[in-house]
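Examining the three-dimensional arrangement
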Amino acid sequence: MKRFLFVTFAGVVLFGAAHWTWTAEKEPVKEPAKEAAKETPPTYVGTEVCQACHAPQFEKFSKTLMGKIFLFNARNETEKQACENCHGPGSNHVAAGGGKGVGGLITFRKDSGESVALQNQTCLTCHQRGVQTYWNASAHANRGMGCVTCHTIMEKTSDRYQLAKVGEHTPFFTKRAETEVCGQCHLQRNAQLLRSSHMPVREGKMTCSDCHNPHGSPSPAQLRQNTINENCYTCHTERRGPFLWEHPPVLENCTNCHEPHGTVNDRLLKVTDPRLCTGCHMATQHPSTPRAPTSVFFFNRSCTNCHSQVHGSNHPSGKFFMR
Amino acid sequence: MNWTRRLLRLATFSFHLVAAPFVSAQVDIGDLTISGGAEVGGLPRTFTGDKAKFEEYRDIPESVIVPQLQLLIGGKKEDYYLNFNATEVGRSDQMYSLRVGKYGLVDMEFSWDQIPHVFSLDTARTPYGRPGGGGTFTLPSKPTTTAGTDVRDWVNGAANSVDLKLFNGIGRFNVRYTPTPGWTFTGTYWSNNNSGKRAFGALFGTSPGSYNITELTEPISYQTNNIELGGEYAGNGWTLGLKYTGSFFHNNISTLVWDNPINLTGVGSACVDTPTYQTNGTGGPCRGRMDLYPSNQAHTFGLTGTAALPMKTQFLGTVSYGWRLQDDHFLPFTINPTIAQPRISATSLDGDVRPLVVNTTFVNRYFDKLDLKAYYRLYDYDNRSKRVSLPDGYIKNDSNPPVVPDLVTFPYAYSRQNIGMDAGYTFAKWLTGKFSYGWERMHREQREVLSSDEFNVGPTFDIKPSPWALFRASYRHYWRNAPDYDAGRQVVIETDETREDIREARLEALRKFDEAARHRDKVSLYGQYSVWEQLTLNSGFDVTSDRYPNSEIGVQNDFNYSPSVGFNYSPLEWLKFFGNYNWERFDWKLNAVQRSDATQTPQTDPSRLWVSRGRDQIHTFSLGSDIELIKNLLGLRIQYGFSDGRSDVRASGSTCSGCTQATNYPTIKNQWHELLTRLEYQVHKNIAFNVGYYFNHATENDFGVDIMKPWMGDVDTGANVQRSIFLGDQIKGPFTAHVGYFTVKFRF
């Protein structure tokens, strides 16, 4: 199996390298900004002119949220520019008779030669606020991802947020569009959603963006809240405490014990009980003793058969989390 | 009701849908356009096995279903809108959402979502009753003696079936108001009601020593109310936002009281308490009392701002300050009336934690090909809760005498600081490289390591030889120190013990993995290649390796690697295939020492050393196809998902005389198969029929759970377990479901 996977992966790499060599010099890349600079500085022509040639795209765009704002509810002159607000002034494109790559427009296409930074800057002119505030400092921006990697602007695909994937709802499972988009690249996390012990992501009750902000955040792993624990407390508020008797590794980081994306062990635990607890507790008697599978220290809920208040206790007699 | 009648009802309903007055794509009424749809159908099925896992987070009834309802009303001027969506109508996982607003100005959403969580059905049993509801569990009868067979016979006769499940109902209201493109105001209120039962262990007596476990059905009745208010202004090159978040958790049942089944002096109020725990039925506590999660609240203010600075630099900053409060009155030390309550210096914790976050980030792109980023982050968990002193100690599990006198609690606090720098350079159009450096200081007020530093460095390369190919490779090395690791430093202060006593008791050689010195390597490879426009290949390989070089005892290492491949292939306009495969492996190693006395260490008693190794391996596979058999008329979807997971624990050592030998655990296995085939026939542009078949099969083998029953004295023949009772909820039963799927979709 390992050999098969290695060969498959190596094959993909080699095929890619071969294809690159073959195509490397075949497609001279236009620099649209430089091309445009050689021509007359462009001016705005208005959406009616765009619509005349791009009627199908216009029709689809008019059904999107951005389309409805720009085309029917523009709040200022910038928004009234509509198509040209994002693609740039179109006079040179029109004067040249249209065509792909003509006139110095920003097209957001993969083969346009435009830099990702240029494309993103167009979106960030309006959208660097709210949940997108930290985009420029985000891991996704650092990896050169474009807004259009995850979002489609010109037509309504997902129910919300203009995502590039369509969700799917059946009575049996629900694939939310957000989860589908993230799963394109985060293959391991996507697979973990199918583990036996899991949160209700594959049932459609949660998505990746319930915990993470894909546009960036000041927190580790682009979490929405300040820390891992505060993220978990959003739903699991009962564990927020503070408690009279704290369990410090619990208080510091829920992922010391749990793997939130999914595990084969019960209760999203990284390691089967009692080993998880034995890793830190080697006091005399029962924490340090290896246990047979037929032992009460192993079966059922293992250590938490007795120490059920493992997240913290507020009972004066709860020092060992049994009250 | 037989299936013929069900189908007739469905056909009649469908006929009425077809004959409904709505025609064409949408309906125009005055200045409004109305569109929408409904889906209704049925799920006949055969099912064998444990329903709990099948319906863990979903409700799949064998009845008429309404998977979806939708109504969209919009102004003809494309100004106002109203969207109503409902899924799984009338079922325990139903969801409703109503959005109204004016484009570009205001958006309001009301939603109600239900999330069931089923742990076990028809397997758990308990002899306890809850006559008044709430958190009081009483026994209408008790065993005749505390001998194992008598306890067994009693619990088998007296226990009644109980289902363990939770129900989460979440109501939410959101509003977003943008009076101008610069200003945004948001408000959210959401209420989470969580209720049900889950398993919960409780103890009388002490371990080591004599005890009996009584596993209960913890009553859950949580109410959480959250509110979030924010305002933000975006100017030219800068933004400033302020947000308040309030969260109020209330536990409606915060105290658990339960009868002790082995105090045989009487049932209910006739039971006679004695101060000392007894195993022969002649006394001990009649009841136990547990403090469940206390109610709490949290308030946070956050200020976030960005500014464009000279030389193409951007500043991003956040300051956030919060209060986490908890002030539930302490319960008495014990419910046992024959024991004098020890002294305690406070009636409540007066819990007060003030988390502070400061984040400052600078991003610079002055030079076209050079991207620079630097950040500093501080998280300070400032715990101002009371220090509580227990001069007499505490009562262990409602039995005398008090133990561990001269205790003082310590409001545990910590802070974390991070500094990071990234420098990325575009060497060529197809090659970008980045070098990263990071530092983290963890400071703790107590625990074994007070201050530790972790550093990380590593490069990342993005290779993009063409618009259709992308390869990413990154490597990061981390190293964390753990200076002055002292097992004698403790969070709860036991003032009558010296640090040396505590080191000895806890084992000086032990290193806790979350504090210990650690070396970590992370490698991540990712490739995406669109061979042709119709074919896209994805592949990834992630490796994380942790080693604990100074941990003589404790976790030694863990190693996780996960290769993945996937593809999307559309050879023809009407034909699409997709698939993914992932394999994940997680290995770990733990060194331990079996100790019956504090003087036993790896040096004094090497025969007590034992080693444990774990290995989790999971294969996950999915494959599917979308086929448009007849364009715009007949479509077929087939998709299959499979997951196979195994968890092994092997152990060896502990060869000392009279010691428990370290043994292997039986493999935990789980498998999940899921197949969906669906044919959608567009009988009319407004009406479609869906016919399909869903197969779902899961198996789980977990020795520790599969064997459970209310009395486990024949599995663990120790005296303590002879006296113990469990719920016996076998939460991992296999199942097989064959479900037919027939729905009618109507759109207008």
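Everything numeric here is computed off the predicted structure, so don't read it as measured data.

**Structural notes on the overall build of chain A**
- A tally of regular secondary structure across chain A gives 16 helices and two strands.
- A total of 323 residues make up chain A; the buried ones form 52% of that total.
- Relative to all contacts within chain A whose residues are 6 or more apart in sequence, the contacts with residues 24 or more apart total 47%.

**Topic: the overall build of chain B**
- Of regular secondary structure, chain B possesses six helices and 40 strands.
- Dimensions of chain B, computed from C-alpha atoms along their principal axes, come out at roughly 80 × 75 × 50 Å.
- Counting only contacts in chain B whose residues sit at least 6 apart along the sequence, the fraction spanning at least 24 positions is 63%.
- Accessible area for chain B stands at about 31,700 Å²; split by element, carbon and sulfur atoms hold 58% of it.
- Within chain B, the 79 negative side-chain charges are centred at a point lying 4 Å from the centre of the 75 positive side-chain charges.

**Some thoughts on the sheet that holds strand β18 (residues 287-291) of chain B**
All names here are of chain B.
- One open sheet accounts for three strands, arranged β9-β17-β18; its pairing is mixed. Looking at strand neighbours, the two that pair on one side only are β9 (136-137) and β18, the edges of this open sheet.
- Sheet analysis places β9 next to strand β17 (residues 255-259), joined by two bridges and oriented parallel. Residue Thr136 lies in a different strand from β17, and its bridge partner there is Val257.

**Some thoughts on the side chain of Ser654 of chain B**
- By the secondary structure assignment, Ser654 of chain B is in the loop between β37 (634-653) and β38 (665-684).
- Non-local contacts of Ser654 of chain B, meaning those with residues more than four positions away in its chain, are made with Pro290 of chain A together with Gln594, Ser607, Arg608, Leu609, Trp610, Cys659, Thr660, Gln661 and Ala662 of chain B.

**Thoughts on the interface of chain A and chain B**
- Between chain A and chain B, the residue contacts involve 128 residues of the former and 211 residues of the latter.
- Of the roughly 14,400 Å² buried where chain A meets chain B, counting both sides, 58% is carbon and sulfur surface.
- Where chain A packs against chain B, one counts 12 salt bridges.
- We note a salt bridge from Arg195 of chain A to Glu584 of chain B, for which the minimum N-O separation is 2.5 Å.
- If you look at where chain A meets chain B, you find 69 residue pairs in polar contact (both at pLDDT 80 or more).
- Listed by contribution, the elements that provide at least two residues to the side of chain A that touches chain B are α1 (2-23), α5 (65-72), β1 (168-169), α13 (187-192), α14 (228-233), α15 (248-252) and α16 (275-278) of chain A.
- The element best represented in the side of chain A that touches chain B is α1 of chain A, accounting for 11 residues.
- When grouped by side-chain class, the residues that make up the side of chain A that touches chain B number 51 nonpolar, 48 polar and 29 charged.

**Some words on the pairing of strand β35 (residues 575-593) of chain B**
Residue and element names in this part refer to chain B.
- For β35, the buried fraction is high: 15 of the 19 residues fall into the buried class.
- For strand β34 (residues 554-572) and β35, the ladder comprises 14 bridges, and the chain directions are antiparallel. The partner of Gly554 across the bridge, within β35, is Asn591.
- Hairpin connection from β34 to β35: two residues lie between these consecutive antiparallel strands.
- With 19 bridges connecting them, β35 and strand β36 (residues 609-630) associate as antiparallel partners. Note that in β36 the partner of Asn580 across the bridge is Ser622.

**Re helix α9 (residues 116-127) of chain A**
All names here are of chain A.
- The first and last C-alpha atoms of α9 sit 16 Å apart over 12 residues, in line with the 16 Å expected at 1.5 Å per residue.
- Among all positions of α9, only Gln119, Asn120, Thr122, Cys123 and Leu124 are buried.
- The inward-facing, buried residues of α9 abut α7 (83-87) and α11 (147-150).

**Brief notes about the state of the cysteines**
Residues and elements named next belong to chain B.
- Enumeration over the complete set of coordinates arrives at two disulfides over all chains.
- Here Cys271 engages in a disulfide with Cys286; their sulfurs sit 2.0 Å apart. Classification of the bridge connecting Cys271 and Cys286 rests on its S-S torsion, roughly -95 degrees, and on that basis the disulfide is left-handed. Here Cys286 lies in the loop between β17 and β18 and Cys271 lies in the loop between β17 and β18, a separation of 15 residues in the sequence.

**As for the packing of aromatic side chains**
Residue and element names in this part refer to chain B.
- Under the defined criterion, the tally for this structure stands at 34 aromatic pairs over all chains.
- Ring centres 5.4 Å apart and planes at 50 degrees place the aromatic pair Tyr233 and Trp238 in the tilted group.
- Residue classification places Tyr233 among the partly exposed positions, given a relative accessible area of 28%.
- You can call Trp238 partly exposed: its relative accessible area is 37%.
- Seen from their ring centres, Tyr244 and Phe301 are 5.1 Å apart, and the 45 degrees between their planes marks the pair as tilted. Highlighted residues: Tyr244 in strand β16 (residues 238-251) and Phe301 in strand β19 (residues 296-309), separated in sequence by 57 residues.

**Re the nonpolar core**
- Val296 and Phe299 of chain A together with Ile213 and Phe726 of chain B are the most contacted members of the largest nonpolar core, which totals 25 residues.
- When residues no more than four places from it in sequence are discounted, the contact partners of Val296 of chain A are Ser302 and Asn305 of chain A together with Tyr211, Ile213, Asp716, Val721 and Phe726 of chain B.
- Formed by 19 residues, the second largest nonpolar core is a distinct cluster that contains Val151, Ile262, Tyr277 and Leu292 of chain B.

**Considerations on unusual backbone geometry**
- Here Gly241 of chain A and Pro242 of chain A are connected by a cis peptide whose omega angle stands at 0 degrees.
- Looking at where Pro242 of chain A falls in the secondary structure, it is placed in the loop between α14 and α15.
- The peptide bond linking Asp273 of chain A to Pro274 of chain A adopts the cis configuration, its omega dihedral lying at -5 degrees.
- Residue placement: Pro274 of chain A occurs in the loop between α15 and α16.
- We note that Arg267 of chain A has phi near 55 degrees; this positive angle belongs to a residue other than glycine.
- As for its position among the elements, Arg267 of chain A is in the loop between α15 and α16.
- Phi angles above zero are rare outside glycine, and Arg447 of chain B is one such case at about 85 degrees.

**Looking at a negative patch on the surface**
All names here are of chain B.
- Taken together, Asp406, Asp496, Glu497, Asp501, Glu504 and Asp597 make up a surface patch of like negative charges.
- Within the secondary structure layout, Asp597 lies in the loop between β35 and β36.
- On the basis of relative accessible area, Asp597 is assigned to the partly exposed category, the value being 36%.

**Regarding the environment of Pro171 of chain A**
- Take Pro171 of chain A: it is sitting in the loop between β1 and β2 (174-175).
- When its relative accessible area of 3% is taken as the criterion, Pro171 of chain A is described as buried.

**Side note on the confidence of the model for chain B**
All names here are of chain B.
- In this model, chain B carries an average pLDDT of 92, and 96% of its residues clear a pLDDT of 70 or more.
- Every residue in residues 10-24 scores below 50 in pLDDT, and together they form 14 contacts with partners more than four places removed in sequence or on other chains.
- Prediction confidence for the complex, expressed as pTM and ipTM, is 0.91 and 0.92 respectively.

**Comments concerning the environment of Pro563 of chain B**
- Examined against the element boundaries, Pro563 of chain B turns out to sit in strand β34.
- Residues Pro563 of chain B and Asp542 of chain B lie 21 residues apart in sequence; the distance between their C-alpha atoms is 6.4 Å.

**Examining a nonpolar patch on the surface**
Residues and elements named next belong to chain B.
- The grouping of Leu629, Ile630, Leu633, Leu679, Tyr681, Val683 and Val691 at the surface amounts to a nonpolar patch, some 550 Å² of accessible area in total.
- Put simply, the parts of the chain that give the nonpolar patch at least two residues each are β36 and β38.
- Looking at the nonpolar patch, the element that brings in the most residues is β38, giving three residues.
- Among the secondary structure elements, Leu633 is positioned in the loop between β36 and β37.
- Judged by its relative accessible area of 34%, Leu633 is partly exposed.

**Focus on the pattern of salt bridges**
- The full count for this structure, using the stated rule, is 58 salt bridges over all chains.
- Asp153 of chain B is the salt-bridge partner of Arg152 of chain B, the closest N and O atoms lying 3.0 Å from each other.
- The class of Arg152 of chain B is partly exposed, set by a relative accessible area of 29%.
- With a shortest N-O distance of 2.6 Å, Asp626 of chain B and Arg637 of chain B are connected by a salt bridge. With a gap of 11 residues between them, Asp626 of chain B in strand β36 and Arg637 of chain B in strand β37 connect regions that are remote in the sequence.
- Several salt bridges share partner residues, and in doing so they unite Glu252 of chain A together with Arg444, Arg447, Glu448, Lys512, Asp514 and Glu515 of chain B into one network.

About the cut-offs
- Residues numbered from 1 in each chain as written.
- Chains lettered and ligands numbered in written order.
- Predicted model: local features only at pLDDT ≥ 70, side-chain atom pairs only at ≥ 80, totals over all residues.
- Heavy atoms only, no water.
- Helix = DSSP H or I, 4+ residues; strand = E, 2+ residues; numbered from the N terminus.
- Buried < 20%, exposed > 50% of the residue type's maximum accessible area, 1.4 Å probe, protein only.
- Contact = heavy atoms within 4.5 Å.
- Areas by Shrake-Rupley, 256 points an atom, 1.4 Å probe, with all protein chains shown as cover.
- Lys, Arg positive; Asp, Glu negative; His and termini not counted.
- Charge placed at Lys NZ, Arg CZ, Asp CG, Glu CD.
- Pairing = 2+ DSSP bridges.
- Buried area = accessible area lost by both parts, 1.4 Å probe.
- Salt bridge = Lys/Arg side-chain N within 4 Å of Asp/Glu carboxyl O.
- Polar contact = N/O pair within 3.5 Å; in protein donor to acceptor, adjacent residues only side chain to side chain.
- Nonpolar A, V, L, I, M, F, W, Y, C, P; charged D, E, K, R; others polar.
- Expected span 1.5 Å × (residues − 1).
- Disulfide = S-S within 2.5 Å.
- Phe/Tyr/Trp six-rings, centres within 6.5 Å; stacked < 30°, edge-to-face > 60°.
- Core = buried A, V, L, I, M, F, W, Y, C linked by side-chain atoms within 4.5 Å.
- Patch = residues over 30% accessible without salt bridge, like charges linked within 9 Å, V, L, I, M, F, W, Y side chains within 5 Å.
- pLDDT = per-residue confidence, 0-100.

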